[in-house]
Amino acid sequence: KAGVTQTPRYLIKTRGQQVTLSCSPISGHRSVSWYQQTPGQGLQFLFEYFSETQRNKGNFPGRFSGRQFSNSRSEMNVSTLELGDSALYLCASSRLNPRDEQFFGPGTRLTVL
Amino acid sequence: AQSVTQPDIHITVSEGASLELRCNYSYGATPYLFWYVQSPGQGLQLLLKYFSGDTLVQGIKGFEAEFKRSQSSFNLRKPSVHWSDAAEYFCAVGFQGAQKLVFGQGTRLTINP
């Protein structure tokens, strides 16, 4: 069974640009969550999508948004990039039960110059 | 506020020695509890989880963790570490289900030969 895949793996952008990251969950998983990992703030929850609806949201500004498609694939978008957005963005998928653990992808390393 | 604390930022142990990584959380009820491991350049891999029942849980790679309600702790242990255990370890808590996790700051484990 294939794991969670994220594309691209590495990305370099400049301040003010926008970026879209993609996540393909494990087959059969309908929940997709996104996390930001930085050396200073650690791992922080961004949002979770289930059946194309945002079910949970973390404390990030509106520049961070996401969506989920009918095949459970998800994208997250960051507009008007800031230097502080440089981070590893991790996607995780799980089944539908609240007790179903998350499986993480390898992440997308975003560098903002 | 809901929080997770890993008091040890960096731990060094000798190969073959025992290991205990500490994790404390702040929450009124019993949340879902997890330990994840992250190797350099990799995503997060689930070591073990606790939802209810027996407070001593077994995980992969010879790890175990014990939930202590009175101490709001979920410490990770391994009786004998291997050089391949060198990695960063994250305690995570799901206060509203397993799909929205709050992570501790992580403990970086170094193994001396």
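Our subject is the structure listed above.
Residues numbered from 1 in each chain as written. Chains lettered and ligands numbered in written order. Predicted model: local features only at pLDDT ≥ 70, side-chain atom pairs only at ≥ 80, totals over all residues. Heavy atoms only, no water.

A. Summary view of the overall build of chain A. Across its full length, chain A carries zero helices and eleven strands. Overall, chain A shows an N-to-C arrangement of helices and strands of β-β-β-β-β-β-β-β-β-β-β. Computed over C-alpha atoms, the radius of gyration of chain A comes to 13 Å, within 12% of the 13 Å expected from 2.2 N^0.38 for 113 residues, which places it in the range of a compact globule. Viewed in the frame of its principal axes, chain A has a C-alpha envelope of about 40 × 25 × 25 Å. Within chain A, buried positions represent 50% of all 113 residues. Long-range pairs, those at least 24 residues apart, make up 54% of the contacts in chain A between residues at least 6 apart in sequence. (Helix = DSSP H or I, 4+ residues; strand = E, 2+ residues; numbered from the N terminus. Rg over C-alpha atoms; globule rule 2.2 N^0.38 Å. Buried < 20%, exposed > 50% of the residue type's maximum accessible area, 1.4 Å probe, protein only. Contact = heavy atoms within 4.5 Å.)

B. Structural context of the pairing of strand β12 (residues 107–112) of chain B. Residue and element names in this part refer to chain B. Residues Thr-107, Leu-109 and Ile-111 of β12 are buried on one face, while the alternating residues Arg-108, Thr-110 and Asn-112, pointing to the opposite face, are not. Of the strand pairs in this sheet, strand β2 (residues 10–14) and β12 are connected by five bridges, and their pairing is parallel. Bridging from a neighbouring strand, His-10 pairs with Arg-108 of β12. With three bridges connecting them, strand β10 (residues 87–94) and β12 associate as antiparallel partners. Each bridged residue has a counterpart across the sheet, and for Tyr-89 the counterpart in β12 is Thr-107. (Pairing = 2+ DSSP bridges.)

C. Quick peek at the packing of aromatic side chains. Taken as a whole, this structure holds 16 aromatic pairs over all chains when the rule is applied. Note on Tyr35(A) and Phe103(B): the rings are 5.5 Å apart at their centroids and 90° apart in plane angle, and the pair reads as edge-to-face. Residue Tyr35(A) is found in strand β4 (residues 31–38), and its partner Phe103(B) is found in strand β11 (residues 101–103); the two belong to separate chains. A ring pair is formed by Phe60(A) and Phe64(A), whose centres lie 5.2 Å apart and whose planes are at 65°; its orientation type is edge-to-face. No difference in accessibility class separates Phe60(A) from Phe64(A), as the two residues are buried. These aromatic residues form a ring-pair network of at least three members: Tyr35(A), Phe45(A), Phe104(A), Tyr32(B), Phe34(B), Tyr36(B), Phe51(B), Phe90(B) and Phe103(B). (Phe/Tyr/Trp six-rings, centres within 6.5 Å; stacked < 30°, edge-to-face > 60°.)

D. Layout of the sheet that holds strand β3 (residues 19–24) of chain A. Residue and element names in this part refer to chain A. An order of β1-β3-β8-β7 is seen for the four strands of this open sheet, with the pairing classed as antiparallel. Only two strands of the sheet have a single partner each, and these edge strands are β1 (5–7) and β7 (64–68). The sheet shows a mean angle of 20° between the axes of neighbouring strands, taken without regard to direction. Bridging between β3 and strand β8 (residues 74–78) involves five bridges; their strand directions are antiparallel. If you follow Ser-22 over to β8, its bridge partner there is Glu-75. (Axes fitted to C-alpha atoms, helices over the stretch in contact; angles between N-to-C directions.)

E. Quick look at the nonpolar core. Residues and elements named next belong to chain B. Formed by 27 residues in total, the largest nonpolar core has its most connected members in Leu-19, Trp-35, Leu-47, Leu-48, Phe-74, Leu-76 and Tyr-89. Among the elements of the structure, β2, β3 (19–21), β5 (32–38), β6 (44–50), β8 (64–68), β9 (73–78), β10 and β12 are those that each provide at least two residues to this core. When residues in this core are grouped by element, the largest group, four residues, is from β10. (Core = buried A, V, L, I, M, F, W, Y, C linked by side-chain atoms within 4.5 Å.)

F. Focus on the interface of chain B and chain A. Across the boundary between the two partners, chain B contributes 21 residues, which contact 27 residues of chain A. Of the roughly 1,800 Å² buried at the junction of chain B and chain A (both faces included), carbon and sulfur atoms supply 49%. Among the residues of chain B in contact with chain A, Leu44(B), Gln99(B) and Lys100(B) are the three that bury the most area, contributing 34% of the side total. On the surface where chain B and chain A come into contact, there are one salt bridge. Between Glu101(A) and Lys49(B) there is a salt bridge; the shortest N-O distance is 2.6 Å. Summed over the shared surface of chain B and chain A, the number is nine residue pairs in polar contact (both at pLDDT 80 or more). The biggest single contributor to the side of chain B that touches chain A is β5(B), with four residues. Here the residues of the side of chain B that touches chain A sort into ten nonpolar, nine polar and two charged. (Buried area = accessible area lost by both parts, 1.4 Å probe. Salt bridge = Lys/Arg side-chain N within 4 Å of Asp/Glu carboxyl O. Polar contact = N/O pair within 3.5 Å; in protein donor to acceptor, adjacent residues only side chain to side chain. Nonpolar A, V, L, I, M, F, W, Y, C, P; charged D, E, K, R; others polar.)

Read these as spatial facts, not as claims about activity.
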